[in-house]
Each structure stands twice: as structure tokens, then as C-alpha cells.
Amino acid sequence: MTRAEKRDAYLRKTYSLTSAQYNRMVKAQGGACAICRRKPKPGRRLHVDHDHNTGKVRGLLCNN
């Protein structure tokens with residue numbers, strides 16, 4: 001399994017998101033954190049923010 005396939009499987013299992021949906025969210029947020037609006041450092045990704053009770057995805061965040 002390639003790295004991309006592992007990432008896609010993780011997103012699907014954990015957040016019910018496809019890689020395409022994640023990439024659309026990144027684009028919609030301008031590639032930046034939903035809170036601080038900073039872009040992640042090169043080689044880093046934005047993290048999926050979700051409600052732990054409902055599982056609903058709220059946006060993508062940096063880890064600053």
C-alpha cells in the first residue's frame with residue numbers, strides 16, 4: 001500500500017473523508033489554518049478538527 005493509499009484509508013476510517021474532500025477543504029481555507037490563518041510549514045499538513053461526540057468535521061487546523 002502506498003503512502004497516499006494509507007492516508008486515504010486513514011481519512012476514510014477516522015473522519016469519513018476522502019482525500020479529494022480533504023484537498024477541497026484545504027483549498028477552500030486557502031491552504032491555511034481555520035483559526036490562525038497561518039499556512040503549515042513545508043512538509044506538514046493541516047489536521048482535521050472534528051467534534052468527538054458527533055464525529056462532524058469542523059475544519060482544518062495547524063498545530064501551533
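Residues numbered from 1 in each chain as written. Predicted model: local features only at pLDDT ≥ 70, side-chain atom pairs only at ≥ 80, totals over all residues. Heavy atoms only, no water.

Chemist: Got a sec to walk through the overall build of the chain? Specific residues and values, please.
Modeler: The helix and strand inventory of the chain stands at two helices and two strands. Compactness check: the chain gives a C-alpha radius of gyration of 12 Å against a globular reference of 11 Å for 64 residues, within 12% of the reference. In terms of overall dimensions, the chain has C-alpha extents of about 30 × 30 × 20 Å along its principal axes. Evaluated residue by residue, the chain yields a buried proportion of 27% over its 64 residues. A separation of at least 24 residues holds for 38% of the contacts in the chain among residues at least 6 apart in sequence. Summed over its atoms, the accessible surface of the chain is roughly 5,000 Å², and 50% of this surface lies on carbon and sulfur atoms. Put simply, the chain has 15 plus and 4 minus side-chain charges, and the middle of one group is 8 Å from the middle of the other. (Helix = DSSP H or I, 4+ residues; strand = E, 2+ residues; numbered from the N terminus. Rg over C-alpha atoms; globule rule 2.2 N^0.38 Å. Buried < 20%, exposed > 50% of the residue type's maximum accessible area, 1.4 Å probe, protein only. Contact = heavy atoms within 4.5 Å. Areas by Shrake-Rupley, 256 points an atom, 1.4 Å probe, with all protein chains shown as cover. Lys, Arg positive; Asp, Glu negative; His and termini not counted. Charge placed at Lys NZ, Arg CZ, Asp CG, Glu CD.)

Chemist: Can you tell me about the packing of aromatic side chains, naming the residues and giving the values?
Modeler: Here the structure, examined in full by the defined rule, presents one aromatic pair. Between the aromatic rings of Y10 and Y15, the centroid separation amounts to 5.9 Å while the plane-to-plane angle is 85°, which identifies the pairing as edge-to-face. Overall, Y10 belongs to the partly exposed group, its relative accessible area being 39%. On the basis of relative accessibility, which here comes to 13%, the residue Y15 falls in the buried class. (Phe/Tyr/Trp six-rings, centres within 6.5 Å; stacked < 30°, edge-to-face > 60°.)

Chemist: Explain the nonpolar core residue by residue, including any values.
Modeler: Counting 11 residues, the largest nonpolar core consists of L11, Y15, L17, Y22, M25, C33, L46, V48, L60, L61 and C62. When residues of this core are traced back to their parent elements, those giving at least two are α1 (3–15), α2 (19–28) and β2 (57–61). The contact partners of C62, leaving out residues within four places of it in the chain, are C33, C36, L46 and H47. (Core = buried A, V, L, I, M, F, W, Y, C linked by side-chain atoms within 4.5 Å.)

Chemist: So what's going on with the side chain of R7? Residues and values would help.
Modeler: With respect to the secondary-structure elements, R7 resides in helix α1. The side chain of R7 sits in the buried core without any salt bridge; D8 is the nearest counter-charge, 8.2 Å away. Among residues more than four places away in sequence, those in contact with R7 are Y22, R45 and L46. (Salt bridge = Lys/Arg side-chain N within 4 Å of Asp/Glu carboxyl O.)

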